[in-house]
Amino acid sequence: MKLDLSNHPHRRYNPLTGEWVQVSPHRTKRPWQGKQENVPQEKKPEYDPNCYLCPGNSRAGGAHNEDYKSTFVFDNDFSALLPNTPNEEYNKNDLLIAKGEKGICRVICFSPRHDLTLPEMEHSQIRNVVDLWVKEYEELGSRDYINYVQIFENKGEMMGCSNPHPHGQIWAQQTIPNEPKKELVQQKEYYSKHSRTLLSDYLALEMEQDERIVAQNDHFVVIVPFWAFWPFETIVISRRPFARFTDMTSEERDALADIIKQITVKYDNIFEISFPYSAGFHPAPTDGEEHPEWHFHMHFYPPLLRSATVKKFRVGYEMLGNQQRDITPKASADLMNSLSDVHYMNR
Ligand code: H2U
Ligand code: ZN
């Protein structure tokens, strides 16, 4: 019998991390739709006097936000990493091991408007956010003790986001964190074998198969990756293999703003709600090395499964055994491709 990827239980390899995902497509033979329930949606005010991110308001610890008109960045008042931590190592019998870690945490407000989210913002406003990400990556990454700048967004209460005001975070630190570290090892190995980046070859394959692409423009392509773990997981890959935020041309920055708008509109249209996710960028480390192997990309990890309220949990087998999914990545891509490109609020 021939292996049928849309029918037989199988494992898929994630070449970026070197890990496997178990897929059980036979469990979801039923057709599967998007929006099914009516979720009441509260209307948010443009300005909320109690919001710690709105312009002019005060934050915990007494700081005051500027009366900003576009984007705004500040050092996190509850930073998880601090610049002046001693760099000492602790080791008891090679079993109790610890190391001091230096870093800087920042918060970025995407807009002065309390009631907007990325998919509802104008292209030019998202472009301002892109420019700020580039600036922060450059500024933080140029410090000699900062070797990785992790830029991300937690969106929605479900993802532990503390405030609906559109914002993201930056954690810049000494050590390359686990996820980009795995990608570094895998991308280096691929590049040394093939002299091309792993993601440029992967992108070419996906373009050829044309089964899992959900959005694209002149400079970026969005794919539900073959090895996706989250039901509607996507990866945003640059067509040109470059490594850093600072390598982007002005046109590419515009295209990044455009592709973020496209994919987040699609997400909101799946269940006609403001779609929760954790998303973030994987640019090259800022450790002073060249990184010809590194291919700039962005991940979206949304937790929702089959409705606005049913969430995928990582429990049981997934905690103890392996990551697992039922619906195939192609089926997720098909559903996303069946949706309108116009945000449901504007229809
Ligand atoms: P979320 O993206 O998970 O909502 O986190 C928002 C961050 O804002 C969080 O890391 C910080 C929190 O520490 N924060 C401030 O820096 N100042 C405040 O007044 C409240 C929250
Ligand atoms: Zn606000």
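Bear in mind the structure is a predicted one, so any value in this text is a computation, not a measurement.

Asker: Before we move on, could you go through the pattern of salt bridges and cite the residues and values that matter?
Answerer: Within this structure, the stated rule accounts for 25 salt bridges. We note a salt bridge from Asp201 to Arg196, for which the minimum N-O separation is 2.8 Å. For Arg196, a relative accessible area of 43% translates into the label partly exposed. Its salt-bridge partner being Glu252, residue Arg240 comes within 2.7 Å of it at the nearest N-O pair. With Arg240 in the loop between strand S11 (234-238) and helix H4 (250-271) and Glu252 in helix H4, this residue pair connects regions lying 12 residues apart in the sequence.

Asker: I'd like a rundown of helix H2 (residues 178-194), residues and numbers included.
Answerer: In this model, H2 (17 residues) spans 24 Å end to end at C-alpha, consistent with the 24 Å of a helix rising 1.5 Å per residue. All buried positions along H2 are accounted for by Pro180, Glu183, Leu184, Gln186 and Gln187. Buried residues in H2 make contact with strand S1 (10-14), strand S7 (148-155), helix H3 (198-209), strand S12 (277-282) and strand S13 (297-301). Two residues or fewer past H2, Ser195 is found with a positive phi of approximately 55°.

Asker: Describe empty space enclosed by the protein, with residues and values.
Answerer: A full pass over the atoms with the stated rule returns 1 cavity of 30 Å³ or more. Considering only enclosed or pocket space, the largest cavity measures out at about 70 Å³ in volume. What lines the largest cavity is Phe110, Leu118, Trp133, Ile151, Phe152, Glu153, Tyr277, Ala279, Gly280, Phe281, Met298 and Phe300. Of all the secondary structure elements, the ones that give two or more residues to the lining of the largest cavity are S7, S12 and S13. With 4 residues, S12 is the single largest residue contributor to the lining of the largest cavity.

Asker: Tell me about the packing of helix H1 (residues 123-141) against H4, residues and numbers included.
Answerer: Where H1 meets H4, the closest approach of the two axes is 9 Å, and the angle between their N-to-C directions is 120°. Of the possible angle classes, the one that applies to H1 and H4 is oblique. Relative to H4, H1 is oriented so that their crossing is right-handed. Touching His123, Ile126, Arg127, Val130, Asp131, Trp133 and Val134 of H1 are Ser250, Arg253, Asp254, Leu256, Ala257, Asp258, Ile260 and Lys261, all from H4. By residue class, the composition of the contact of H1 with H4 is 7 nonpolar, 2 polar and 6 charged.

Asker: So what's going on with the site of ligand 1? Residues and values would help.
Answerer: If you check the shell around ligand 1, you find 14 residues, and the closest are Ala60, Asn76, Asp77, Ser162 and His167. In this structure, an oxygen atom belonging to ligand 1 sits 2.7 Å away from a side-chain N or O atom of Ser162. In the model, an oxygen atom of ligand 1 is placed 3.0 Å from a nitrogen or oxygen of the Gln169 side chain. Expressed as a share of its isolated accessible area of 480 Å², the protein-covered part of ligand 1 is 87%. Classifying every residue of the shell around ligand 1 gives 6 nonpolar, 6 polar and 2 charged.

So, how was this worked out
Residues numbered from 1 in each chain as written. Chains lettered and ligands numbered in written order. Predicted model: local features only at pLDDT ≥ 70, side-chain atom pairs only at ≥ 80, totals over all residues. Heavy atoms only, no water. Salt bridge = Lys/Arg side-chain N within 4 Å of Asp/Glu carboxyl O. Buried < 20%, exposed > 50% of the residue type's maximum accessible area, 1.4 Å probe, protein only. Helix = DSSP H or I, 4+ residues; strand = E, 2+ residues; numbered from the N terminus. Expected span 1.5 Å × (residues − 1). Contact = heavy atoms within 4.5 Å. 1 Å grid on protein atoms, 1.4 Å probe; cavity = no way out; pocket = protein on both sides within 12 Å on 5 of 7 lines; lining within 4 Å. Points joined across faces, edges and corners; volume = space filled by probe spheres on them. Axes fitted to C-alpha atoms, helices over the stretch in contact; angles between N-to-C directions. Parallel < 35°, antiparallel > 145°, perpendicular 65-115°, else oblique. Left-handed = near helix turned anticlockwise from the far one by under 90°. Nonpolar A, V, L, I, M, F, W, Y, C, P; charged D, E, K, R; others polar. Near = heavy atom within 4 Å. Polar contact = N/O pair within 3.5 Å; in protein donor to acceptor, adjacent residues only side chain to side chain. Areas by Shrake-Rupley, 256 points an atom, 1.4 Å probe, with all protein chains shown as cover.

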